[in-house]
Amino acid sequence: MTMKLQNTLTRSKDEFKPIDPDHVRLYACGPTVYNYAHIGNARMAVVFDQLVRVLRRMYPKVTYVSNITDVDDKIMAAAAETGEAIDAITTKYTDIYNSDMAALGVLPPDVQPRATAHIGDMITLIEKLIERDHAYEAEGHVLFNVPSYEAYGNLSGRSRDEQVAGARVDVAPYKKDAADFVLWKPSSDDQPGWDSPWGRGRPGWHIECSAMSEVHLGLPFDIHGGGADLKFPHHENEIAQSCCAHGHENDLSAFSKYWVHNGFVTVEGDKMSKSIGNITLVHDLIDYYDGEILRLTLLSAHYSQPLDWSEKAIEQAKSLLDRLYGIVNGLSDVQADDAADIPADVMDALSDDLNTPKALAAINALAKRAAAERTPALKGQLLACGALFGILQKDAAEWLGYGQSGDADSNAIDALLAERQQARADKNFARADEIRDELDAMGIVIEDSPEGPKWRKAG
RNA sequence: GGCGCGGUGGCAGAGUGGCUAUGCAGCGGAUUGCAAAUCCGUGUACACCGGUUCGACUCCGGUCCGUGCCUCCA
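What counts and what doesn't
- Residues numbered from 1 in each chain as written.
- Chains lettered and ligands numbered in written order.
- Predicted model: local features only at pLDDT ≥ 70, side-chain atom pairs only at ≥ 80, totals over all residues.
- Heavy atoms only, no water.
- Helix = DSSP H or I, 4+ residues; strand = E, 2+ residues; numbered from the N terminus.
- Buried < 20%, exposed > 50% of the residue type's maximum accessible area, 1.4 Å probe, protein only.
- Areas by Shrake-Rupley, 256 points an atom, 1.4 Å probe, with all protein chains shown as cover.
- Lys, Arg positive; Asp, Glu negative; His and termini not counted.
- Charge placed at Lys NZ, Arg CZ, Asp CG, Glu CD.
- Near = heavy atom within 4 Å.
- Polar contact = N/O pair within 3.5 Å; in protein donor to acceptor, adjacent residues only side chain to side chain.
- Nonpolar A, V, L, I, M, F, W, Y, C, P; charged D, E, K, R; others polar.
- Axes fitted to C-alpha atoms, helices over the stretch in contact; angles between N-to-C directions.
- Parallel < 35°, antiparallel > 145°, perpendicular 65-115°, else oblique.
- Left-handed = near helix turned anticlockwise from the far one by under 90°.
- Contact = heavy atoms within 4.5 Å.
- Patch = residues over 30% accessible without salt bridge, like charges linked within 9 Å, V, L, I, M, F, W, Y side chains within 5 Å.
- Salt bridge = Lys/Arg side-chain N within 4 Å of Asp/Glu carboxyl O.
- Pairing = 2+ DSSP bridges.
- Expected span 1.5 Å × (residues − 1).
- Arc of directions from axis to C-beta.
- Phe/Tyr/Trp six-rings, centres within 6.5 Å; stacked < 30°, edge-to-face > 60°.

Participant: Honestly, the overall build of chain A in this entry has me stumped. Any pointers?
Facilitator: On a plain count of helices and strands, chain A comes out with 16 helices and 15 strands. Overall, the C-alpha framework of chain A stretches about 95 × 50 × 35 Å when taken along its three principal axes. Put simply, chain A has 459 residues, and 51% of those count as buried. In the form shown here, chain A has an accessible surface area of approximately 20700 Å², with 48% of it arising from carbon and sulfur atoms. Across chain A, the mean location of the 45 positive side-chain charges is 5 Å away from that of the 71 negative side-chain charges.

What follows is the structure, given as structure tokens:
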């Protein structure tokens, strides 16, 4: 079985051929930690987590690196605004990011490097770029000289003339070319900084990913991922830095062979923005919805497509998940076959550019069969699919809210239930329905079954 | 303006040159004292206009509409 991936570098869906079939290596740009992670950050994390989960089933070894950028002017701005120390901010939001992503079933990357732990690697890389005449020092800054790199712009597909024309920002006087971008910049005494051959300073935005991916994966590696908006300039600049530092000016794939970009998330039809005030934080969502619901919502559309985040979409994912849990719960007396594998149609869908909606359709069909045929093999397959998707990991009865004797409220509920049973036996259905309504008001749903009445929490 | 992406049934969302997913919601039925849950049944939808073809929602051209990026935003 082979994986196909939509490769931004070639603009086509390519068969994935690992550099080393025994060891697949991928990198995805992680967050800059100065605030809570929003649902767009989460999409990236979930998408690449899901890709890694699938790749792990196809290849013996996968190394997934996703960084934390903990040095950035936005962090400095946040520190100035809140009065908190920079390292307090980055530590705090790194921890929150990791726990929020864990709530979404995102497995920790194999390596989560922090930019500040790789300043030396960045300096080394910058020195190589200067040696090769791709970068120059000017007024304490070091800049990448874009005209020195013929292939610049080929990932995002824009010519250098267009870059220069897009003079939306003041061109600093020390730049040789308007398109040149910063590799290193000077820090004042009150700004975070590190000693370097060019004086005390800090790295520019793009160099950290070039340095960290190279150190932890080696060059070239297989897959580089991130949000679609990072194509330009971030990924374009990463390619420029990494290819030019090592003398691969004519080969864009000398850095990463495949480039995979996830689509943007809108919220109720609008782009997330501070001005609209609709930045949707994972941290808030997980107070209201189980992480599995949010994860399923994110995986319900193809990763490369735009996704509109809405209450309705979440509710739809919840309904689906409830039904799947209902099926698992109904199979509680069937011993799942632990050796059961993922069915071929599910793997086929996932290996076709990570087509999660199609895979979900196959899982639905599987669930239906499992419920009807009640075999250990089918239950095992269903649970295996759940595990692969990071869903159906909870206890089904608990998920559905079925009450156990001994629950906090169970005594009162049991008493009402007993009274209702008596009323039913007496054909006093008016009283029986009254009790149903009472329980309903308490958020309790009664389900009569051949084994007697059961109750569960609504929701 | 440049470079992209997209317009599919009430909604979400895959996909394919002919056999027309899947989910959510709705409707009808079974079941139930009534419900809930479940099961069965039910929807020929692919922006518009041309073209290619025996045949297009799927390929080509054009039109309209929406949307993302264009220097620090995942």
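Participant: Sorry, what's going on with the protein's contact with RNA strand B here?
Facilitator: Close to RNA strand B lie 49 residues, the nearest being K74, L230, K271, D433 and D448. By atom count, sugar and phosphate contribute 59% of the portion of RNA strand B lying within 4 Å of the protein. G40 is positioned with one of its backbone polar atoms (N or O) 3.4 Å from a base nitrogen of RNA strand B. Note that a base nitrogen of RNA strand B is positioned 2.9 Å from one of the backbone N or O atoms of V265. Mapped by element, the contributors of at least two residues to the surface near RNA strand B are α1 (39–58), β9 (221–227), α7 (231–245), α10 (311–330), α12 (356–373), α15 (410–425), α16 (429–441) and β14 (444–447). At five residues, the largest contribution of residues to the surface near RNA strand B is made by α10. Along the lines of polarity and charge, the residues of the surface near RNA strand B split into 16 nonpolar, 16 polar and 17 charged.

Participant: Mind showing me how you'd approach the packing of helix α4 (residues 119–131) against α7 here?
Facilitator: Between α4 and α7, whose axes approach to 9 Å, the crossing angle comes to 70 degrees. In this view, α4 runs roughly perpendicular relative to α7, as classed from their interaxial angle. Where α4 crosses over α7, the two elements pack in a sense that is left-handed. Between α4 and α7, the contacting residues are L125, K128 and L129 on the first element and Q241, C244 and A245 on the second.

Participant: Explain a negative patch on the surface to me, please; I cannot follow it from the model alone.
Facilitator: Side chains of E268, D270, D308, E311 and E315 sit close together on the surface and give a patch of like negative charge. Among the structural elements, E315 can be located in helix α10. According to the relative accessible area criterion, E315 is partly exposed, its value standing at 35%.

Participant: Sorry if this is basic, but what is going on with the packing of α1 against helix α13 (residues 376–389) here?
Facilitator: For any two helices packed against each other, one specifies the crossing angle of their axes together with the interaxial distance. Across the interface, α1 lies against α13 with an axial gap of 9 Å and an inter-helix angle of 130 degrees. Classed by the angle they form, the pair α1 and α13 counts as oblique. Of the residues in α13, those touching α1 at Q50, R53, V54 and R57 are A387, L388 and F389. Residues of the contact of α1 with α13, tallied by class, amount to four nonpolar, one polar and two charged.

Participant: What is the right way to read the side chain of D14 from this model?
Facilitator: Along the polypeptide, D14 turns up in strand β2 (residues 12–15). Here the side chain of D14 touches N7 through a polar contact of 3.3 Å, side chain to side chain. In contact with D14, other than residues within four places in its own chain, are M3, K4, L5, N7 and Y258.

Participant: Which parts of the structure should I look at to understand the sheet that holds β9?
Facilitator: Sheet strands pair via backbone hydrogen bonds, and the direction of the pair is either parallel or antiparallel. Spatial strand order, β4-β3-β9-β10: four strands in an open sheet with parallel pairing. The sheet terminates laterally at β4 (62–66) and β10 (256–262), the two strands that pair on one side only. Pairs of neighbouring strands in the sheet enclose a mean axial angle of 20 degrees, with direction left out of account. With five bridges connecting them, strand β3 (residues 24–28) and β4 associate as parallel partners. From the neighbouring strand, R25 faces β4, where its bridge partner is T63. Most of the contacts of α1 go to β4, to which it runs at about 170 degrees, and overall it touches β3, β4, β9 and β10.

Participant: Even after reading the chapter, I still don't get the side chain of Q50, so can you show me in this structure?
Facilitator: Structurally, Q50 can be placed in helix α1. Here the side chain of Q50 touches R295 through a polar contact of 2.8 Å, side chain to side chain. Looking at Q50, its side chain comes within polar contact range of the main-chain oxygen of L388, at 3.0 Å. Apart from residues no more than four positions distant in its own chain, Q50 is found in contact with R295, L299, L354, T356, L388 and F389.

Participant: Is there a simple way to explain the pairing of strand β7 (residues 181–186) in this structure?
Facilitator: The two faces of the sheet receive side chains in turn, since in a regular strand these alternate between them. Here strand β6 (residues 141–144) pairs with β7 via three bridges, running antiparallel. Counted as the bridge partner of L143 is V182 from β7. Pairing analysis gives three bridges linking β7 to strand β8 (residues 201–203), with the strands arranged antiparallel. If you follow K185 over to β8, its bridge partner there is R202.

Participant: Just checking my understanding: could you explain α16 for this structure?
Facilitator: Count 3.6 residues to each turn of an α-helix, and residues three or four apart come out pointing the same way. With 13 residues, α16 ought to run about 18 Å at 1.5 Å a step, and its terminal C-alpha atoms sit 18 Å apart, in line with that. For α16, every residue scored as buried is listed here: A432, I435 and L439. The arc that holds every buried residue of α16, seen down its axis, measures 60 degrees, which confines them to one face. Set apart from the buried face of α16 by more than 90 degrees, the exposed residues are A430, D437 and A441. Check the buried side of α16 and you find it contacts α15 and β14.

Participant: Mind showing me how you'd approach the packing of aromatic side chains here?
Facilitator: Aromatic ring pairs are reported here in terms of the distance separating the ring centres and the angle at which the planes meet. As enumerated under the stated definition, the model contains 10 aromatic pairs in all. Consider the rings of F221 and F255, whose centres lie 5.3 Å apart with planes at 75 degrees: the pair is edge-to-face. A residue pair is termed long-range when its members are at least 10 positions apart, and F221 in strand β9 and F255 in the loop between α7 and β10 qualify at 34 residues. The pair formed by F221 and F255 is uniform in burial state, with each residue classed as buried. Linked through ring pairs, Y27, F221, F255 and W259 together constitute an aromatic cluster.

In short, geometric facts, not functional conclusions.
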